[in-house]
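So you can see what is in the structure, the chains are spelled out below.
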Amino acid sequence: MSTLCLFLSLLKNGAVPGEPVKKDENSRRGNWGNQIEFVLTSVGYAVGLGNVWRFPYLCYRNGGGAFMLPYFIMLVFCGIPLFFLELSFGQFASLGCLGVWKISPMFKGVGYGMMVVSTYIGIYYNVVICLAFYYFFMSMTNLLPWTYCNNPWNTPDCSGVVGSSVQLNGSLVNTTTSLVAGVMEVVNRTKRTSPSEEYWKHYVLNISDDIGNFGEVRLPILGCLAVSWFVVFLCLIRGVKSSGKVVYFTATFPYVVLTILFVRGITLDGAINGIKYYLTPQWEKVLDAKVWGDAASQIFYSLGCAWGGLITMASYNKFHNNCFRDSIIISITNCATSVYAGFVIFSILGFMAHNLNVPVSEVADHGPGLAFVAYPEALTLLPISPLWSLLFFFMLILLGLGTQFCLLETLVTAIVDEIGTDWIIRNKTVVTFSVAIAGFLLGIPLTTHAGIYWLLLMDNYAASFSLVIISCIMCICIMYIYGHRNYFKDVEMMLGFPPPLFFKVCWRFISPVIISFILIFTVIQYKPITYNDYVYPGWSLAIGFAMALSSVICIPIYALYKISRSPGTTFRERLKHACQPHPKWGPALAEHRTGRYGPMGSADTVEARPIKEKEELREEHNEEEKAKETEKKDEISLTIQGSNGSTNTHNNPNPSA
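Note that the structure is a prediction, hence the values are computed from the model and not measured. (Residues numbered from 1 in each chain as written. Predicted model: local features only at pLDDT ≥ 70, side-chain atom pairs only at ≥ 80, totals over all residues. Heavy atoms only, no water.)

S.K.: Describe the overall build of the chain, and please don't skip the residues or the numbers.
M.R.: Across its full length, the chain carries 27 helices and 4 strands. Counting every position in the chain, which comprises 657 residues, the buried fraction comes to 55%. Restricting the contact set of the chain to residue pairs at least 6 apart, pairs at least 24 apart contribute 81%. Looking at the chain as shown, the accessible area adds up to about 28200 Å², and 63% of this sits on carbon and sulfur atoms. (Helix = DSSP H or I, 4+ residues; strand = E, 2+ residues; numbered from the N terminus. Buried < 20%, exposed > 50% of the residue type's maximum accessible area, 1.4 Å probe, protein only. Contact = heavy atoms within 4.5 Å. Areas by Shrake-Rupley, 256 points an atom, 1.4 Å probe, with all protein chains shown as cover.)

S.K.: Would you mind going over the environment of Ile103 in detail, with residue names and values included?
M.R.: Mapping Ile103 onto the fold places it in the loop between helix 5 (68–93) and helix 6 (108–138). Take Ile103: its relative accessible area is 0%, and that puts it in the buried class. In this structure, the C-alpha to C-alpha distance between Ile103 and Phe89, residues 14 residues apart in sequence, is 9.6 Å. Once you skip the residues sitting within four places of it in the chain, Ile103 turns out to touch Phe89, Ile478, Tyr482, Cys579, Gln580, Pro581 and Trp585.

S.K.: Which residues make up the side chain of Thr413, and what are the values?
M.R.: The residue Thr413 is located in helix 17 (residues 385–419) in this model. What makes Thr413 buried here is its relative accessible area of 1%. Each residue touching Thr413, except ones within four places of it in the same chain, is listed here: Arg29, Gly96, Thr312, Tyr316 and Lys428.

S.K.: Outline the pattern of salt bridges, supporting the account with residue identities and numerical values.
M.R.: If you walk through the whole model with that rule in mind, you get 10 salt bridges. Measuring nitrogen to oxygen at the nearest pair gives 2.9 Å for the salt bridge that ties Lys428 to Glu409. With Lys428 in helix 19 (residues 428–443) and Glu409 in helix 17, this residue pair connects regions lying 19 residues apart in the sequence. Each of Arg61, Lys290 and Asp294 takes part in a single network of salt bridges with overlapping partners. (Salt bridge = Lys/Arg side-chain N within 4 Å of Asp/Glu carboxyl O.)

S.K.: Quick one: what's the story with the environment of Ile452, residue by residue and with numbers?
M.R.: Inspection of the secondary structure assignment puts Ile452 in helix 20 (residues 451–461). Sequence-wise, Ile452 and Tyr531 are 79 residues apart; in three dimensions their C-alpha atoms are separated by 9.0 Å.

S.K.: Quick rundown of the state of the cysteines? Include the residues and the values.
M.R.: Under the defined criterion, the tally for this structure stands at 1 disulfide. Residue Cys579 stays outside any disulfide, its sulfur separated by 7.8 Å from that of Cys477, the closest cysteine. Residue classification places Cys579 among the buried positions, given a relative accessible area of 17%. (Disulfide = S-S within 2.5 Å.)

S.K.: I'd like a rundown of the layout of surface pockets, residues and numbers included.
M.R.: The rolling of a water-molecule-sized probe over the atoms marks out the regions of remaining empty space. Taken as a whole, the second largest pocket encloses approximately 830 Å³ of empty space. Along its surface, the second largest pocket is lined by 34 residues, and Asn26, Arg28, Arg29, Asp417 and Ile425 are the ones closest to its centre. Only helix 10 (240–250), helix 17, helix 18 (422–426) and helix 19 provide two or more residues apiece to the lining of the second largest pocket. When its residues are assigned to classes, the lining of the second largest pocket shows 12 nonpolar, 11 polar and 11 charged. (1 Å grid on protein atoms, 1.4 Å probe; cavity = no way out; pocket = protein on both sides within 12 Å on 5 of 7 lines; lining within 4 Å. Points joined across faces, edges and corners; volume = space filled by probe spheres on them. Nonpolar A, V, L, I, M, F, W, Y, C, P; charged D, E, K, R; others polar.)

S.K.: With reference to specific residues and values, describe the packing of aromatic side chains.
M.R.: Counted by the stated rule, this structure contains 65 aromatic pairs. Arranged with centres 6.2 Å apart and planes meeting at 85°, the rings of Phe262 and Phe343 form a pair that is edge-to-face. Taken together, the residues span a long stretch of sequence, with Phe262 in helix 11 (residues 253–266) and Phe343 in helix 15 (residues 323–356) at a distance of 81 residues. Its relative accessible area of 22% is what places Phe343 among the partly exposed residues. Here the aromatic rings of Tyr461 and Phe545 are separated by 5.2 Å at their centres, their planes lie at 65°, and the arrangement is edge-to-face. In this pair, Tyr461 sits in helix 20 while Phe545 sits in helix 23 (residues 538–552), placing the two residues 84 residues apart along the sequence. For Tyr461, a relative accessible area of 3% puts it in the buried group. (Phe/Tyr/Trp six-rings, centres within 6.5 Å; stacked < 30°, edge-to-face > 60°.)

S.K.: So what's going on with a nonpolar patch on the surface? Which residues, and what values?
M.R.: Judged by side-chain polarity, Ile476, Tyr480, Ile481, Leu501, Val505 and Phe509 come together as a nonpolar surface patch covering roughly 540 Å² of accessible area. When residues of the nonpolar patch are traced back to their parent elements, those giving at least two are helix 21 (465–495) and helix 22 (501–524). Within the secondary structure layout, Ile481 lies in helix 21. When its relative accessible area of 35% is taken as the criterion, Ile481 is described as partly exposed. (Patch = residues over 30% accessible without salt bridge, like charges linked within 9 Å, V, L, I, M, F, W, Y side chains within 5 Å.)

This is the structure:
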């Protein structure tokens with residue numbers, strides 16, 4: 001009970017009872033309670049489900065240990081520089097993904113594109129979390145429901161890993177030896193479907209035969225979706241003040257679970273074979289362009305670049321926080337977690353392959369197939385399998401929530417910053433609740449019989465090449481429209497030191513080239529989406545492309561709107577004016593607006609400012625001079641009137657007469 005009271009106190013007050021509450025640097029907008037909260041939140045944001053269910057699969061498919069070489073090269077030359085760029089961008093302006101585009105108002109459409117992407121991801125990502133909740137609840141039993149083929153939803157093709165002759169003693173399976181003895185010999189493996197696969201398809205999803213055949217809403221899944229959104233809202237009820245406390249658990253406990261599963265996994269028969277399959281290098285694949293493309297794409301998407309979340313989280317930092325250090329720590333932690341998760345996954349899959357007497361490649365999978373079919377099936381082979389299942393799905397829930405917190409906060413912060421009134425800032429909780437309700441309602445179609453088709457469609461199209469385009473335009477805007485020299489000075493003013501030469505080169509040249517390579521690679525490697533044997537119809541693919549374009553189209557539409565509303569007689573003048581920084585661009589607090597952002601700087605400082613700001617400074621200076629001249633004239637006129645008044649009084653001693 002005392003633990004619950006402490007948790008509620010953390011959510012409500014943002015501090016442990018008895019501890020002094022630290023004063024925010026930005027009292028109007030708020031800051032993180034301390035820097036650890038920001039680092040843990042960013043780690044939770046970057047380390048998500050993809051680290052567990054996508055990276056290990058990519059690694060073994062692209063040459064095992066050889067894949068690590070292009071993976072870490074892409075991390076150094078693309079991942080960390082882009083991560084640092086977005087963190088410094090948000091921290092300098094203390095604004096979300098919309099407000100930061102005061103740097104060049106014409107490109108505010110990039111911010112809207114980030115919001116659209118975060119909306120799509122937030123809708124389907126929470127559905128994945130709700131499925132993990134469902135499996136978590138279903139694991140609270142003596143026997144996992146996907147262990148055998150004797151259930152009403154099973155088909156004649158079902159063939160279990162664990163034989164029916166295995167004896168159960170009360171609430172748990174006795175030993176691994178008895179389980180291995182009960183393994184069935186599967187004769188026709190081409191037609192075999194596992195109990196876990198049939199449980200997933202025929203019971204959990206009750207999947208329809210077509211994406212257009214929605215059927216009914218699966219009420220158990222809908223209930224779990226409501227629980228998922230409620231948990232996210234509760235943790236964000238006070239914005240970063242409450243979520244910053246929750247991440248102490250949600251961002252760290254997955255590593256505890258990973259370690260427990262790793263220790264259990266490597267003690268199983270066949271685990272070494274699985275790990276060898278995961279890591280054995282195939283160096284000839286390093287020369288394959290597809291391997292480099294997969295490495296670059298995985299780094300880019302795994303770190304959450306261009307979602308708007310990094311900008312948003314950094315905007316709550318104190319102005320002089322060392323985000324350079326943070327970007328390196330968080331990026332390396334993210335990639336190390338991916339590698340570590342591979343050991344956890346493949347040790348268990350190696351054990352499963354050993355017991356089935358098949359190659360590891362036949363049991364390896366990725367995405368939902370790994371999380372809800374392959375891995376749960378492997379867990380049925382373990383003693384006390386419900387315990388391991390509870391731990392695994394609890395880990396998935398926490399990994400998903402860490403990302404979902406930032407997705408929701410990105411949308412809420414963008415709305416609050418854009419409106420910017422005192423009422424909306426005071427009632428930020430109302431905005432958070434409204435966005436959560438909207439996300440829940442929009443996620444309901446994904447809980448129908450056709451929901452998995454739509455979930456995968458959104459996953460493959462809503463945040464694919466559009467993110468690459470958004471990130472590339474962001475680099476071009478900051479480095480070439482605003483100007484790399486201006487931005488380097490901004491970073492130096494904020495951190496106290498300029499960006500290292502390596503990052504300057506990456507921001508200007510290397511990272512944009514790699515991003516362009518990812519885009520070209522994505523287009524060349526494009527294949528229409530399928531789910532198992534189901535081929536998506538053309539109209540659904542058109543919807544997928546429409547979702548992808550809906551975020552990108554925001555950029556040219558807003559640019560044209562901004563140009564049309566900008567002053568100027570010619571298109572060139574309007575374009576030039578629309579690209580110039582807004583007068584309010586710069587540090588949010590007055591005490592940080594020094595140097596070229598001060599009310600009036602030196603001649604050198606003024607010359608360093610953008611053209612629009614210099615014109616405004618000259619106008620302000622001229623207005624001040626005019627005001628001084630007016631004051632002097634008024635003083636002179638008052639003096640003259642005073643002397644006239646004294647003369648009249650002297651001539652007429654009784655003015656009232």
